Amino acid sequence: MSASSMQVRSDLLREQNFIGGVWRNAREDAWLEVVDPASGKGIARVPDSGAADARDATRAASEALPAWRATTARYRAQLLKQWHVRIVASTEDLAKIISLEQGKPLGEARGEVAYGASYVEWFAEEAVRAYGDIIPAVVAGRRMMVVKEPLGVVAAITPWNFPLAMLARKAAPALAAGCTVVAKPAEDTPLTALALARLAEEAGLPAGTMNVVTASRANAAGTVAAWLADSRVRKITFTGSTAVGKELARGSADTLKKLSLELGGNAPFIVFEDADIKAAVEGLMRAKFRNGGQTCVSPNRVYVHDAVYKEFARQLVARVAALRVGPANLPGSEIGPMINFRAVEKIERHVRDAVARGATLLTGGQPVQNEIAAGPNYYAPTVLGEATHSMALASEETFGPVVALFRFRSEEEVVRHANDTPYGLAAYFYSRDVSRICRVAERLETGIVGINEGAFASEAAPFGGIKESGYGREGSRYGLDEFLATKYLCQGGLA
Ligand code: NAP
């Protein structure tokens, strides 16, 4: 399907950068083809920008900043609410764009629109609560005050797996705080970001407050380098791989920018012997197969107690084998195509390696190509049994629909294995023992823990990791603080 044939509001299908309130081509007039991951065919073209375009965006955002930060929080909240209303009203169009360029089933794409919109609404509401403090003076005749101020221009760099939600949960708090935004979406999914910018324009966000620059993978580093080097850009908010997160931290060291890094994960999912097995299977299905397993909080290592291993595997395999693989727009599809062929190759490498090292293939285990799933990027939902820690999938994020089952025998052993990774984004466990729940929740070294729950993300909760999964939090009241500087005002001579 091509973008123009999918019956989407035509003004949401943008093929230009949005800089300073103007839709324009890249300075070099270079283009990047956007590809439908289901068919591998081109669907649209967007600018393949470079450093000069990134600098133009910085200039626009810097020029817009003084007026924007001077507005009242109430005013900014009203504009964000307008943006929210327009996003929700455009759910069907946005979902089609997400599905077309990203490949997730349409129902999931609608869910992503609702999820992304919820951050815009939340931060519209939080904008008016960026309170400061009055501190009891330690010296007579002084007043000690704390105020929160916007950081300035924020650069947002987003991945392809949640092209709408990741941008919304960065741009909304930044704008609510009084910052202006320059954004670069992933090469695979620029159309969603441009549609979101169009709706921001329609909502009346002033020119230059929200800018989007698209670029190819080859030009990503060069484009972003212009932001890293520029002292006017005060903050980088990034979601993506740990390797690139580290590059951004290194690259912004000279200008000491504030960073929020939402990076990769390697989530453990633990099923204790006292768990409700049926609930654990359902929780795993929700956590693992959303977006075809291409989520940062996707369970990568599923630890099942020896005493319930057989029954858990039996119930899980029955559910996984019944998942329907197909294109995003086919009603009933549950697993769409992977984002690109590189992703399929990584999944294949992990499965081959696991089987060579002794894993048993319980279902799936190969790419799918048939009359329904007709493209090159489909992979069968897979369950591997008897996984061990020598396998690549134990230490690397698979980012696909593959469940690896590890057997364990004691709480002490499984917590040690769960924590034995450089990553620390999310963990899950299922147990009905109250003491164990408290103990294990405390000992897991992650930013998020799902306890008898497979789906925890919410605009009202802080999302983020520890260790090499990064730092900073998105969503909740903590999410606004990431875009605010704390300023201490000390007024003397009052005695
Ligand atoms: P990625 O390769 O790190 O890309 C993320 C973004 O950075 C894209 O816009 C990408 O552009 C850009 N980029 C790539 N190389 C760059 C460079 N050298 N300098 C500046 N920007 C660069 O990650 P991905 O493969 O798209 O996303 C998957 C990863 O994101 C996984 O590890 C996943 O766990 C993580 N993730 C984390 C969270 C979280 O909240 N913690 C949420 C979602 C995903 P191009 O696409 O054009 O290369």
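Up top is the structure.
Quick look at the structure, then.

## Here's the deal with the sheet that holds strand β14 (residues 360–363)
What holds strands together in a sheet is hydrogen bonding between their backbones, with the strands either parallel or antiparallel.
So, point 1. If you trace the seven strands from one edge of the open sheet to the other, you get β14-β15-β16-β13-β12-β18-β19, paired in mixed fashion. Each edge of the sheet is formed by a strand with only one pairing partner; in this case those strands are β14 and β19 (448–451). Each neighbouring strand pair of the sheet contributes to a mean axis angle of 25 degrees, computed without reference to strand direction.
So, point 2. Note that strand β12 (residues 267–271) and strand β13 (residues 299–305) share five bridges and pair parallel. Across the sheet, proline 268 pairs through a bridge with arginine 301, a residue of β13.

## As for the site of the ligand
So, point 1. Taken together, 32 residues are adjacent to the ligand, and Thr158, Ser241, Leu263, Cys296 and Glu397 come closest.
So, point 2. Here an oxygen atom of the ligand and a backbone polar atom of glycine 240 are 3.3 Å apart.
So, point 3. Protein chains bury 90% of the 890 Å² of accessible surface belonging to the ligand in isolation.
So, point 4. Residue assignment for the shell around the ligand shows that the elements contributing at least two residues are α5 (165–177), α7 (217–228), β10 (233–239) and α8 (242–251).
So, point 5. The dominant element in the shell around the ligand, judged by the number of residues it contributes, is α7, at four residues.

## Focus: helix α11 (residues 341–356)
Three or four residues apart is the spacing at which side chains of an α-helix point the same way, because the helix has 3.6 residues per turn.
So, point 1. When the terminal C-alpha atoms of α11 are compared, their 22 Å separation across 16 residues agrees well with the 22 Å that a helix rising 1.5 Å per residue should span.
So, point 2. Where the residues of α11 are buried, they touch β15 (382–385), α12 (392–395) and β16 (402–408).
So, point 3. One side-chain oxygen of the residue at the start of α11 lies 3.3 Å from the amide nitrogen of arginine 342, identifying that residue as asparagine 340.
So, point 4. A positive phi of about 110 degrees marks glycine 358, the residue just after α11.

## Re unusual backbone geometry
So, point 1. Phi at glutamate 386 takes a positive value of approximately 55 degrees, unusual for a residue other than glycine.
So, point 2. Along the chain, glutamate 386 turns up in the loop between β15 and α12.
So, point 3. The exposure class of glutamate 386 is partly exposed, given its relative accessible area of 30%.
So, point 4. Positive phi values are uncommon outside glycine, yet phenylalanine 399 reaches one of about 55 degrees.
So, point 5. Looking at the secondary structure, you find phenylalanine 399 in the loop between α12 and β16.

## With respect to the side chain of serine 431
So, point 1. Mapped onto the secondary structure, serine 431 falls in the loop between β18 (426–430) and α14 (434–443).
So, point 2. For serine 431, a relative accessible area of 0% puts it in the buried group.

## Some words on the sheet that holds strand β22 (residues 484–491)
So, point 1. What the three strands build is an open sheet, ordered β5-β6-β22; its pairing is antiparallel. Whereas interior strands pair on both sides, the edge strands pair on one side only; in this sheet they are β5 (133–135) and β22. Between one strand axis and the next, the sheet turns through 25 degrees on average, direction left out of account.
So, point 2. Bridge analysis of strand β6 (residues 143–150) against β22 gives eight bridges, and the strand direction is antiparallel. Paired with arginine 143 across the bridge in β22 is glutamine 491.

## Quick look at the packing of aromatic side chains
So, point 1. Within this structure, the stated rule accounts for nine aromatic pairs.
So, point 2. Every member of this aromatic cluster is reached through a ring pair, and the members are Phe269, Tyr428, Tyr430 and Phe456.
So, point 3. The positively charged end of arginine 14 is found above the aromatic ring belonging to tryptophan 23, 4.5 Å away from the centroid.
So, point 4. In this structure, lysine 235 is placed above the aromatic ring of phenylalanine 483, and the distance from its NZ or CZ to the ring centre is 4.9 Å.

## Focus on the pattern of salt bridges
So, point 1. What the rule picks out here adds up to 36 salt bridges.
So, point 2. Note that glutamate 187 and arginine 217 form a salt bridge whose closest N and O atoms lie 3.3 Å from each other. Taken as a pair, glutamate 187 in the loop between β8 (180–184) and α6 (190–203) and arginine 217 in helix α7 lie far apart in primary sequence, 30 residues in all.
So, point 3. The class of arginine 217 is partly exposed, set by a relative accessible area of 36%.
So, point 4. When the shortest N-O distance is used, the salt bridge between lysine 246 and glutamate 468 registers 2.8 Å.

What counts, and at which threshold
Residues numbered from 1 in each chain as written. Predicted model: local features only at pLDDT ≥ 70, side-chain atom pairs only at ≥ 80, totals over all residues. Heavy atoms only, no water. Pairing = 2+ DSSP bridges. Helix = DSSP H or I, 4+ residues; strand = E, 2+ residues; numbered from the N terminus. Axes fitted to C-alpha atoms, helices over the stretch in contact; angles between N-to-C directions. Near = heavy atom within 4 Å. Polar contact = N/O pair within 3.5 Å; in protein donor to acceptor, adjacent residues only side chain to side chain. Areas by Shrake-Rupley, 256 points an atom, 1.4 Å probe, with all protein chains shown as cover. Expected span 1.5 Å × (residues − 1). Contact = heavy atoms within 4.5 Å. Buried < 20%, exposed > 50% of the residue type's maximum accessible area, 1.4 Å probe, protein only. Phe/Tyr/Trp six-rings, centres within 6.5 Å; stacked < 30°, edge-to-face > 60°. Lys NZ or Arg CZ within 6 Å of the ring centre and 35° of its normal. Salt bridge = Lys/Arg side-chain N within 4 Å of Asp/Glu carboxyl O.

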